[in-house]
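# Close look at the chain arrangement
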Amino acid sequence: MKTAGRRLAMAAWLILCGAMAAYSQQYAYPYLNPNLTVEQRADNIVSLMTLDEKIAAIGNAAVPRLNIPAPGSSEGIHQLVRRAGRGGQPIPTTSFSQVYGMGETWDPELIRRAGAVEGYEARYITQSDKYKRPTLMLWGPTSDLARDPRWGRNDESFGEDPFLTGTMVVAFIKGIQGDDPKYWQAASLLKHFFANSNETTRAGSSSNFDERLMREYYSVPFRMGFVEGGAKSFMAAYNAWNGIPMMVNPVLRDVVGKEWGANWYVLSDAGAAGHVVNFHKYLKTDEEVAAAAIKVGLNQFLGGGGQPVIQKALDGKLLTEADLDSALKGKFKTAVRLGLLDPPPAVPYARIGAAGESEPWLGDRHKSIARDVAHESVVLLKNAGGLLPLNRTGLKSIAVVGPRAAEVLFDFYSGPTPYAVGVLPAIKDKAGSAVSVNYVANNDGDAAVNAARASDIAVVVVGNDPMCGAKNPGEAFNRDGSTKPCPDPGEGREGRDRESLDLSDEALVKAVYAANPKTVVVLISSFPYAINWTHANVPAILHITHAAQEQGTAIAEVLFGDYNPGGHLVQTWPKSLDQVPPILDYDIRHGRTYMYFNGEPLYAFGYGLSYTTFQYSNLRLSSARLAKNGSLTAMVDVKNTGRRAGDEVVQLYVRYPQSKVARPTRELKGFQRINLKPDEKKTVQISLRAASLAWWNEKEHRFEIEAEPVRILIGSSSADIKLEKTVSVE
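Throughout what follows, the structure given in this document is the object of discussion. Computed from a predicted structure; not experimentally measured.

With their axes 10 Å apart at the nearest point, helix α3 (residues 51–59) and helix α13 (residues 321–337) run at an angle of 50° to one another. Accordingly, the angle class assigned to the pair α3 and α13 is oblique. As for how α3 packs across α13, the hand of that crossing is left-handed. Here α3 contributes L51, K54, I55, A57, I58 and G59 to the contact with α13, which in turn contributes E321, L324, D325, L328, K331 and F332. Looking at the contact of α3 with α13, its residues break down into seven nonpolar, one polar and four charged.

Judged by nonpolar contacts, the single largest core of 142 residues is most densely connected at F193, F194, M247 and F332. Setting aside its immediate chain neighbours within four residues, F332 contacts A42, I45, V46, M49, A57, A61, V63 and I68. The next biggest cluster of nonpolar side chains, apart from the first, holds 35 residues, and it includes L387, V423, A426 and Y563.

As summarised here, the arrangement of the five strands in space is β16-β24-β23-β18-β19, forming an open sheet in which the pairing is mixed. Both outer strands of the open sheet, β16 (625–626) and β19 (667–676), are each paired with one neighbouring strand and no more. When strand β18 (residues 646–655) meets strand β23 (residues 709–717), the two strands line up antiparallel, connected through five bridges. Opposite V654, over in β23, you have I712 as the bridge partner.

Among all positions in helix α17 (residues 506–515), only E506, L508, V509, V512 and A515 are buried. On the buried face of α17, the contacting elements are β10 (397–401), α16 (447–453), β12 (457–463), β13 (519–524) and α18 (532–537).

Turning to the side chain of E667, a few remarks are in order. Considering the arrangement of structural elements, one finds E667 in strand β19. Judged by its relative accessible area of 11%, E667 is buried. Apart from the residues lying within four places of it in its own chain, the contact partners of E667 are Y594, M595, L652, Y653, V654 and Y656.

We now examine the sheet that holds strand β17 (residues 631–640). What links the strands of a sheet is backbone hydrogen bonding, and the strands pair in either a parallel or an antiparallel sense. Read across the sheet, three strands follow the order β15-β17-β20 without closing on themselves; strand pairing throughout is antiparallel. Every interior strand has two partners, whereas the edge strands, β15 (614–621) and β20 (681–689), have only one. The sheet shows a mean angle of 25° between the axes of neighbouring strands, taken without regard to direction. Pairing geometry for β17 and β20, over nine bridges, is antiparallel. Within the sheet, the bridge partner assigned to D637 lies in β20 and is T683.

Rules used in this analysis
Residues numbered from 1 in each chain as written. Predicted model: local features only at pLDDT ≥ 70, side-chain atom pairs only at ≥ 80, totals over all residues. Heavy atoms only, no water. Axes fitted to C-alpha atoms, helices over the stretch in contact; angles between N-to-C directions. Helix = DSSP H or I, 4+ residues; strand = E, 2+ residues; numbered from the N terminus. Parallel < 35°, antiparallel > 145°, perpendicular 65-115°, else oblique. Left-handed = near helix turned anticlockwise from the far one by under 90°. Contact = heavy atoms within 4.5 Å. Nonpolar A, V, L, I, M, F, W, Y, C, P; charged D, E, K, R; others polar. Core = buried A, V, L, I, M, F, W, Y, C linked by side-chain atoms within 4.5 Å. Buried < 20%, exposed > 50% of the residue type's maximum accessible area, 1.4 Å probe, protein only. Pairing = 2+ DSSP bridges.

In structure tokens form, the structure reads like this:
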């Protein structure tokens, strides 16, 4: 028996040795083994690299000796941008509404689908034989909060509320990265961390506020994007926080990296390394900046931080090879998750762009999603007397007036599109040959007045130019990180904040309205305007943002009633600048956002009308008590009491009537966009977690949940609350 046992043991040992030998032969290096963890594979790559390769990888993650490719990158906040340049020819891709407009859909599932379009197109461009242009790292979504309507990049934000913005950010990330448990379709890189909402002086300004606002407001969309959305990468902002420039701020390492696990690709913004020395004056030399940035986790410089600078930092003992190792691992984790190191048959997304597959942006699926986003982003701001939708009976002529009617305008983060439908051609197409469409761009020689007077209906299409007249974004920039002033003080863009909330074309609106009281204003804008006169006088007003390739289709179908608008605002629209604190005051408790706004706005956060009406009733809670580690469900019946099918956005806010610490007047904690047919009633269910009610205790450096009653508010905007209930938090 003993001899037989020894023989069996020896046989087993020989089999194991054979298997190990075969295993070793199968993979030249452990990082090529797809059965190892992401961490193990990244660690192995770094261990095999020379110091020179590590220095080079800060600029380009490709390691040719090890056959490790770089993923390639692209702007991707509302479109995958592939302009002409060193990477090849311009590639037209699907363009959605600006981020601000995407937020106005209040539809996370739709935004997930839009993100999936971008991720799919990124794979196609990377892998198809026609292009072979690596584009798997998408710089988006933007996760900054639109706390001030003067902010030049207001259009890049989903809105002023952290929960709404975070929810949209999570959805967009999930769409980009896909739902495979092992591999990503493309990688999402959030920007710009954080409190980045002033432009003109951004190269040297500091956003100053306490740790509580950092945890409860400014960082919330980023945290949600990393923890709930699964993104692992981000771009640091230009500004400083409390005096420390973001690209060297320890919060990148201590909070974003250690707490939220987001330290894979960590980028500076373009030219930010030089700003730390020249404008923030926080450090004195380029090598000091490079060392400080790498030590807090940054591993790619967009300008500055090149190989000679990093070598100088190493030579001067400002930086160690171990610092490089720590910073670089995340880049290779990204390569693993993208499947760049594995055989294509093992990666489900590797089949995208196979021979015979046509460009996806030309297909009905991507066009349909672009149309859905444009439709759902339209906000009906006013509709006195039911002027809209237009009554086709007896309609013989329409005057289309205004500088924004004939074309779709694009922004700094747009590229070529397969097509773009403007408002004017869409109205002509929808009106048909039986209706005369009289177009004039302005009122030179009373042309607009005459067209309006001679027509049954006047549609005035006005708004900002998102480029402020620039044709090439690069030509607009100044050496200090700002851009040249906009000709119109009511306009803004990257590098330039607005100086006014006035709409310069409101004079055109007044002239047209005087000639024809049946006037509709279509406001195409990237931010709020104080259109007080227009709201008081003109019977119908619509809002939509720029850059949507289906912009005109959406507006025309809303005007003629083929689509019932259901978008809602994502920002408080003030009546004047008197209602807004100075732009560099980052303490929102001084009167910013719907949570702390003083006075009555022109339009409240969450506001939006419909061609139908809705009735709310029977609010009930799944429990009258909410445990600190629990959740409850708020249920409310919503009925369409009008004659048209339509969408309503049901919003859940909370108040803290007996809180022992200062809290906002109300906070959004849940929402749901629903569609109802005439007379249809649905029970809307919105979940509320106790954890979402926590406040940040600065002394203890932790979130705490108060054992106090919380008032639950249900309504159609922050200012239109229909029903309320109280829950006891225990």
